[in-house]
Amino acid sequence: MDYKIIFSSRKTLSVEVAIGGAITVRAPKGVSKKKIDAFIKEHEASLQSAQKKQIARAENQYHRELSYEEIQKLKAAAKEYIPKRVKYFAKIMNLEPSAVKISSAQKNFGSCSGKNSLNFSYRLMMYPKEAIDYVVVHELAHIKHHNHSADFYKLIEQYMPDYKKRIAILKQ
């Protein structure tokens, strides 16, 4: 298997399979290539499986490379649409974020800071409205529960009973 190695001051080996299938090994400084090769061989079956999934993801419409123009259109659409949905759900959930921002996050659709500032990736605009609304409700729920506890998901379910179907859309 082909892979890239990044050495750093860490204690353990780890492997990441990126969208598209590229494999990156993170290794402690001083670990031999022989030991890394053995680590890869030991995990080869699961890496091949992960690689197939990530290649399929790259071919999926939601994870393709975007042109500069497409990114600008998505950002503009996100700045227009998402704050309105946050305002709508915040009112019915009786929760108030300290701010709403649109980011260029690649791996997370949204986040909630410790100060209750909500951040949403412009990439959300590539998904159906039902999926976007789920992420909005999910992040608003973090204002009340800064975790993923049972109470957190009960709060989401209270306002969005079909939230599991919406999660499935995001996992495509």
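Note that the coordinates shown come from a computational prediction; the quantities given were computed from them, not determined experimentally.

Participant: Could you give an account of the overall build of the protein chain, with specific residues and numbers?
Facilitator: Helix and strand counts for the protein chain stand at 6 helices and 6 strands. Each helix and strand of the protein chain, ordered N terminal to C terminal, gives the series β-β-β-α-α-α-β-β-β-α-α-α. For the protein chain, the spread of C-alpha atoms along the three principal axes comes to 60 × 35 × 30 Å. Looking at the protein chain as a whole, 38% of its 172 residues are labelled buried. Of the contacts made within the protein chain by residues no fewer than 6 positions apart, 50% connect residues no fewer than 24 positions apart. Counting only carbon and sulfur atoms, one obtains 51% of the accessible surface of the protein chain, whose full area is about 10,600 Å². Separation between the mean location of the 31 positive side-chain charges and that of the 17 negative ones in the protein chain comes to 5 Å.

Participant: Describe unusual backbone geometry, and please don't skip the residues or the numbers.
Facilitator: Here the phi dihedral of Asn 94 falls at roughly 55°; this positive angle occurs in a residue that is not glycine. Assignment of secondary structure puts Asn 94 in the loop between helix 3 (68-93) and strand 4 (99-103). For Asn 116, which is not glycine, the phi dihedral falls at a positive 65°. Considering the arrangement of structural elements, one finds Asn 116 in the loop between strand 5 (110-112) and strand 6 (117-121).

Participant: I'd like a rundown of the sheet that holds strand 2 (residues 14-17), residues and numbers included.
Facilitator: With mixed pairing, 3 strands are arranged side by side in an open sheet as 1-3-2. Only two strands of the sheet have a single partner each, and these edge strands are strand 1 (4-8) and strand 2. Strand after strand, the sheet turns through a mean of 20° between neighbouring axes, direction not considered. Relative to strand 3 (residues 23-28), strand 2 runs antiparallel, the two sharing 4 bridges. When the sheet's bridge partners are listed, Val 15 is paired in strand 3 with Val 25.

Participant: Before we move on, can you summarise helix 6 (residues 163-170) with the specific residues and values?
Facilitator: Where helix 6 is concerned, the buried positions are Tyr 163, Arg 166, Ile 167 and Leu 170. Along helix 6, the residues classed as buried sweep out an arc of 105° about the axis, all on the same side. Turned more than 90 degrees off the buried face of helix 6, the exposed positions are Lys 164 and Lys 165. On its buried face, helix 6 sits against helix 4 (129-144) and helix 5 (150-159).

Participant: Run through the side chain of Arg 85, naming residues and quoting values.
Facilitator: The residue Arg 85 is located in helix 3 in this model. Separated by 2.9 Å, the side chains of Arg 85 and Asp 133 make a polar contact. Contacts of Arg 85, omitting those with residues within four sequence positions, involve Asp 133 and Val 136.

Participant: Tell me about the environment of Ile 55, and name the residues and values.
Facilitator: Position of Ile 55 among the secondary structure elements: in helix 2 (residues 44-59). Among the residues examined, Ile 55 registers a relative accessible area of 36% and is labelled partly exposed. Residues in contact with Ile 55, not counting those within four places in the same chain, are Gly 20 and Gly 21.

Participant: Summarise the pattern of salt bridges; cite the residues concerned and give the values.
Facilitator: Scanning the model with the defined rule gives 6 salt bridges in all. One salt bridge in this structure joins Asp 37 and Lys 33, with 3.1 Å as the shortest N-O distance. With Asp 37 and Lys 33 both in helix 1 (residues 33-42) and 4 residues apart, this pair spans about one turn of that helix.

Cut-off values and rules
- Residues numbered from 1 in each chain as written.
- Predicted model: local features only at pLDDT ≥ 70, side-chain atom pairs only at ≥ 80, totals over all residues.
- Heavy atoms only, no water.
- Helix = DSSP H or I, 4+ residues; strand = E, 2+ residues; numbered from the N terminus.
- Buried < 20%, exposed > 50% of the residue type's maximum accessible area, 1.4 Å probe, protein only.
- Contact = heavy atoms within 4.5 Å.
- Areas by Shrake-Rupley, 256 points an atom, 1.4 Å probe, with all protein chains shown as cover.
- Lys, Arg positive; Asp, Glu negative; His and termini not counted.
- Charge placed at Lys NZ, Arg CZ, Asp CG, Glu CD.
- Pairing = 2+ DSSP bridges.
- Axes fitted to C-alpha atoms, helices over the stretch in contact; angles between N-to-C directions.
- Arc of directions from axis to C-beta.
- Polar contact = N/O pair within 3.5 Å; in protein donor to acceptor, adjacent residues only side chain to side chain.
- Salt bridge = Lys/Arg side-chain N within 4 Å of Asp/Glu carboxyl O.

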